[in-house]
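# Report on the structure
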Amino acid sequence: MQDFHFSASVLLPYPLIEVFDYLSDASKLQELTPPWVHFSILSPTPIEMRQGVLIRYRIGLRGLSVRWDSEITRWDPPFGFTDEQRRGPYRLWVHRHEFEETTEGTLATDEITYRVPGGALLNGIYVAPELHRIFAYREERLHALFP
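Read on for a plain summary of the structure. This structure is a prediction, so every number in the text was calculated from the model and none was measured.

## Quick look at the nonpolar core
Of all hydrophobic cores here, the largest spans 39 residues; its most connected members are Leu23, Ile55, Phe99, Tyr114 and Leu142. For this core, the secondary-structure elements that each account for two or more residues are β1 (4–12), α1 (16–23), β3 (54–61), β4 (64–76), β6 (92–102), β7 (105–115) and α3 (119–145).

Right, dumping it as structure tokens:
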């Protein structure tokens, strides 16, 4: 089965620690996820982020409610962390969150490696365009939250 890759970056004019603290807070995902995804956190909050923690969500995909469990497999504050799907709609989902301090603020980068049932056809028709829409929404929200 083929792996696909997605990458998105946003430059925010704030210090590294502020951006990391916000984006590594699992409860903030609700604010950053578009309403059409019907995202909700099932795990009790607050969630103490660390390597090995499991976070449970529910999302909506084409009218279906889908459970998604992610494990934090790398925790390296304030430079990054990785979450990996343990249960959910993908055959593989590895999401690396990287943070880099620049002279203009903090560059936050999302690098995702994933596999989908249906392979290239489903990815090209639905998954890749939907990821672009979701992360465009996230970038817009982040610029509103970090003007």
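## Looking at the packing of aromatic side chains
A full pass over the atoms with the stated rule returns 16 aromatic pairs. Grouped by ring-pair contacts, the aromatic residues Phe4, Trp68, Tyr90, Trp93 and Tyr114 constitute a single cluster. A cation over a ring is seen here: Arg133 above Trp36, with NZ or CZ 4.1 Å from the ring centre.

## Comments concerning the layout of surface pockets
In this structure, the largest pocket occupies an estimated 750 Å³ of space. Lining the largest pocket are 43 residues, with Thr33, Phe39, Trp68, Ile134 and Arg138 positioned closest to its centre. Put simply, the parts of the chain that give the lining of the largest pocket at least two residues each are α1, α2 (29–32), β3, β4, β5 (80–87), β6, β7 and α3. Tallying contributions element by element places α3 first for the lining of the largest pocket, with eight residues. Taken together, the residues of the lining of the largest pocket sort by class into 25 nonpolar, nine polar and nine charged. Computed from the structure, the second largest pocket encloses a volume of approximately 160 Å³. Around the second largest pocket sit Leu61, Arg62, Pro89, Tyr90, Val116, Pro117, Leu122, Tyr126 and Val127, which together line it. Looking at the lining of the second largest pocket, the element that brings in the most residues is α3, giving three residues. Classifying every residue of the lining of the second largest pocket gives eight nonpolar, no polar and one charged.

## What about the pattern of salt bridges?
Within this structure, the stated rule accounts for nine salt bridges. A salt bridge links Glu71 to Arg86; its shortest N-O distance comes to 2.8 Å. One end of the pair, Glu71, is in strand β4; the other, Arg86, is in strand β5, and 15 residues separate them in sequence. Given a relative accessible area of 45%, Arg86 falls into the partly exposed group. With a shortest N-O distance of 2.5 Å, Glu98 and Arg74 are connected by a salt bridge. Placement of Glu98 in strand β6 and of Arg74 in strand β4 is noted, with a sequence separation of 24 residues between them. Take Glu98: its relative accessible area is 29%, and that puts it in the partly exposed class. Of the residues examined, Arg74 reaches a relative accessible area of 25% and is grouped as partly exposed.

Criteria and thresholds
Residues numbered from 1 in each chain as written. Predicted model: local features only at pLDDT ≥ 70, side-chain atom pairs only at ≥ 80, totals over all residues. Heavy atoms only, no water. Core = buried A, V, L, I, M, F, W, Y, C linked by side-chain atoms within 4.5 Å. Buried < 20%, exposed > 50% of the residue type's maximum accessible area, 1.4 Å probe, protein only. Helix = DSSP H or I, 4+ residues; strand = E, 2+ residues; numbered from the N terminus. Phe/Tyr/Trp six-rings, centres within 6.5 Å; stacked < 30°, edge-to-face > 60°. Lys NZ or Arg CZ within 6 Å of the ring centre and 35° of its normal. 1 Å grid on protein atoms, 1.4 Å probe; cavity = no way out; pocket = protein on both sides within 12 Å on 5 of 7 lines; lining within 4 Å. Points joined across faces, edges and corners; volume = space filled by probe spheres on them. Nonpolar A, V, L, I, M, F, W, Y, C, P; charged D, E, K, R; others polar. Salt bridge = Lys/Arg side-chain N within 4 Å of Asp/Glu carboxyl O.

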